[in-house]
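One letter stands for each residue in the lines below.
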Amino acid sequence: METSSRDIETLVRREYEAGFVTDVESDAVPAGLSEDVIRLISEKKREPDFMLEWRLRAYRQWLTMRAPRWAHVHFAPIDFQSIVYYSAPKSRDDGPKSLADVDPKLLETYDKLGIPLRERELLAGVAIDAVFDSVSVATTFKDKLAALGIVFCPFSEAVQKHPDLVRKYLGSVVPYADNFYATLNSAVFSDGSFVYVPKGVRCPMELSTYFRINASKTGQFERTLIIADEGAYVSYLEGCTAPMRDENQLHAAVVELIALKDAQIKYSTVQNWYPGDEQGRGGIYNFVTKRGACRGENAKISWTQVETGSAITWKYPSVILEGDNSVGEFYSVAVTNNMQQADTGTKMLHIGRNTRSTIISKGISSGRGQNTYRGQVKVLKSAENARNYTQCDSLLIGDRCGAHTFPYVEVRNPTASVEHEATTSKISEDQLFYLQSRGLAAEDAVSVVVNGFCKTVFKELPMEFAVEAQKLLGVSLEGAVG
Amino acid sequence: MLTITDLHASCDGKEILRGIDLQINAGEVHAIMGPNGSGKSTLANVLAGRDRYQVTRGTVKYRDVDLLQMPPEERARAGVFLAFQYPVEIPGVSNIYLLKAALNAVRKSRGERELDAMDFLALVKERMQLVEMKEELLYRSVNEGFSGGEKKRNEILQMAVLAPYLAILDETDSGLDIDALQVVAAGVNALRSPDRAFLLITHYQRLLDYVVPDVVHVLIGGRIVKSGDRALALELERTGYADLTPALTPATMLDER
Ligand SMILES: Nc1ncnc2c1ncn2[C@@H]1O[C@H](COP(=O)(O)OP(=O)(O)O)[C@@H](O)[C@H]1O
Ligand SMILES: [Mg+2]
């Protein structure tokens, strides 16, 4: 058994393909954190006073906080004074006016990652905001979206051009004092995407941000804010990669979603930060706060995530269900291989009447990977007839990895119904042999089984992302038939 | 087509096959009968390449190649097909996806082009008529929630789509009602051809009423103790295996202790 499960493990090993470094000169602030560094970041971005004040409030708060210890992950303490908090490719002092102004080296970088930014190669139906280290380097299809009143731009641009919206919603879902990493982010966040979809508008294309960490010793602290006004609809995708390095790099992002009455936001992530090598050297610490608020009747927020990268993933995309009949969904595939650790899940907070939430979590562990699902379903007294369904499945590949499930349930209204199902299975030799005896190579057989295990989550992803996600798991695309 | 010589195989150090000799020519249908635990499934799995069983002695020649040297997927691509006694469930993987992946793997290894979605679907629908299977099952996860009969039909459908040279059916008839049995038999009969051979493993002679074998072998204690024509199967039904079992040799008795 021992040898054969090792054999299965070797079949899931894959090279990290996004591990190259782009050689661009960068404009970075010195390592370390202080009020001066925050003032410098704010000044570089020519921010209005309210923004600087907000950052400083967060910073002062952060100084009083301690890093959380409760997650099922292990790592040496982070030296926050050795991190560079702002790094931008040099060519972009005033920001590119159009793609023609973007450094060709950057365009090449995104090409290599399979993200074409040049007009002639644009993916039909997907508008992209490309964030390189601390800044957004290009946003496509902006004009087309503007014609519908949709704002899709770098966060720093939104601060300049739509200060009222930023002021109204920033921190309204994730307050600056929320938690250690979110507070750090609030102090030093550099860029990210901003989306506003006006009343009754259905965004005709997928909006996508592609995050790339390039510079070494640099943390990435992006901030994303998405607002769907009454009756609006938007589907947003997020992808991420980083070069292979021996050091650990910190990625502490904050994402806030606001769906007003009858609005719907679908947020999908394919996270492929560098996971570190087989011995656990290097890799990204992905400590992220993502939360959405359904602020009106019939609002709906869906999180779909495929987490394959990062040395450590620590995130719980959550939904606050305020509006009556509002809906929250969380679909997750988290893969841990080699020495990777993931502690991820969701929180569903039911406040409004007839609110519904669905949680589908698929954890895959192999090598010595540790995979933890941590989820909280909380039904307040006001949430008459709230419904939750949770399903957590774990798939183990080999016998040195681990899967852990921590569901927390708190129900204060007797009319609520909360259902939880959990399974743990091993990839079985019977399944692999069955597939091989039908002509599939051993690696493909593993992929097919893993892909099947993830199916209910993959089908929630937009087509392009489903393809990407399956590729990441070493899977060729199913669904060409059937 | 297939020449098995003095084949010995064990599992976890326990010898299960103790010297099998078998010659199957193209166009022939051979039946292997025997009581539970006699090694029928082991033989089928060894031929399909299951690495849980270790071949300790003997050779298997298949269409001029050494079958035992090939990994399971290459055997499948070379035209060996095993219909499993207990087909495995694969959640989330649609039946039609597996069929297509399997067929294209086989075609590719033969240097043939992959079938496009249209041609593939046409082929599958045609072959499905052979096993009278509900189309809905194509889009369900492989064998998941299938009834026993549906699983067996599904195996026959895979066989019909992959069109192997050597088809090994491991108790495909077990647990089927008479209608399902006839469907399976009709599927096998439709595929009988001069360049294809069948090895039917069965516990009962019932299947052989519908698929008439050229040769019947009796496997007991990991050895073929008797071979004959169809009459042997009928005789076994009357007399059972008891008459043949006392053939415990000193060697097997030693093992048994
Ligand atoms: N994986 C295995 N591990 C240990 N013993 C096995 C295994 N497979 C089969 N056997 C043993 O080998 C013998 C033959 O089994 P099998 O080939 O399944 O017989 P049949 O198909 O004729 O009923 C039985 O005694 C069975 O217990
Ligand atoms: Mg058997």
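Here, every reference points to the structure presented above.
Let us look at the structure shown here.

1. A few points about the overall build of chain B
Step number 1: Each helix and strand in chain B was counted, giving eight helices and twelve strands.
Step number 2: Over its C-alpha atoms chain B spans a radius of gyration of 18 Å, differing by no more than 12% from the 18 Å that the globule rule assigns to 257 residues.
Step number 3: Its C-alpha atoms give chain B principal-axis dimensions of roughly 60 × 40 × 35 Å.
Step number 4: With 257 residues in all, chain B has 53% of them scored as buried.
Step number 5: When contacts within chain B are restricted to residue pairs at least 6 apart in sequence, those whose partners lie at least 24 apart make up 69%.
Step number 6: Here chain B has roughly 11,100 Å² of accessible surface; of this, 50% comes from carbon and sulfur atoms.
Step number 7: If you average the places of the 30 positive and of the 36 negative side-chain charges in chain B, the two averages end up 2 Å apart.

2. Comments concerning the pairing of strand β12 (residues 223-228) of chain B
For a regular strand, side chains alternate in direction, first toward one face of the sheet and then toward the other.
Residue and element names in this part refer to chain B.
Step number 1: Taken together, the five bridges between strand β11 (residues 215-220) and β12 define a ladder with antiparallel strand orientation. Counted as the bridge partner of valine 218 is lysine 226 from β12.
Step number 2: In sequence, β11 turns back onto β12 through a hairpin of two residues, with glycine 221 there showing a positive phi of about 60 degrees.

3. Things to note about the packing of aromatic side chains
All names here are of chain A.
Step number 1: In the structure shown here, the tally under the stated rule is 20 aromatic pairs over all chains.
Step number 2: Ring centres 5.4 Å apart and planes at 40 degrees place the aromatic pair phenylalanine 75 and phenylalanine 287 in the tilted group. Taken together, the residues span a long stretch of sequence, with phenylalanine 75 in the loop between α3 (49-63) and β2 (87-89) and phenylalanine 287 in strand β13 (residues 283-294) at a distance of 212 residues.
Step number 3: Taking 6.4 Å as the distance between ring centres and 80 degrees as the angle between the ring planes, the aromatic pair formed by phenylalanine 155 and phenylalanine 194 counts as edge-to-face. Taken together, the residues phenylalanine 155 in helix α6 (residues 155-161) and phenylalanine 194 in strand β6 (residues 193-197) connect sequence positions 39 residues apart.
Step number 4: According to the relative accessible area criterion, phenylalanine 194 is buried, its value standing at 0%.
Step number 5: Aromatic rings pair up to connect Tyr59, Trp62, Phe75, Phe80, Phe180, Tyr181, Tyr285, Phe287, Trp314 and Tyr316 into one cluster.
Step number 6: In this structure, arginine 202 packs its charged tip against the face of tyrosine 233, placed 4.0 Å from the ring centre.

Rules of the game
Residues numbered from 1 in each chain as written. Chains lettered and ligands numbered in written order. Predicted model: local features only at pLDDT ≥ 70, side-chain atom pairs only at ≥ 80, totals over all residues. Heavy atoms only, no water. Helix = DSSP H or I, 4+ residues; strand = E, 2+ residues; numbered from the N terminus. Rg over C-alpha atoms; globule rule 2.2 N^0.38 Å. Buried < 20%, exposed > 50% of the residue type's maximum accessible area, 1.4 Å probe, protein only. Contact = heavy atoms within 4.5 Å. Areas by Shrake-Rupley, 256 points an atom, 1.4 Å probe, with all protein chains shown as cover. Lys, Arg positive; Asp, Glu negative; His and termini not counted. Charge placed at Lys NZ, Arg CZ, Asp CG, Glu CD. Pairing = 2+ DSSP bridges. Phe/Tyr/Trp six-rings, centres within 6.5 Å; stacked < 30°, edge-to-face > 60°. Lys NZ or Arg CZ within 6 Å of the ring centre and 35° of its normal.

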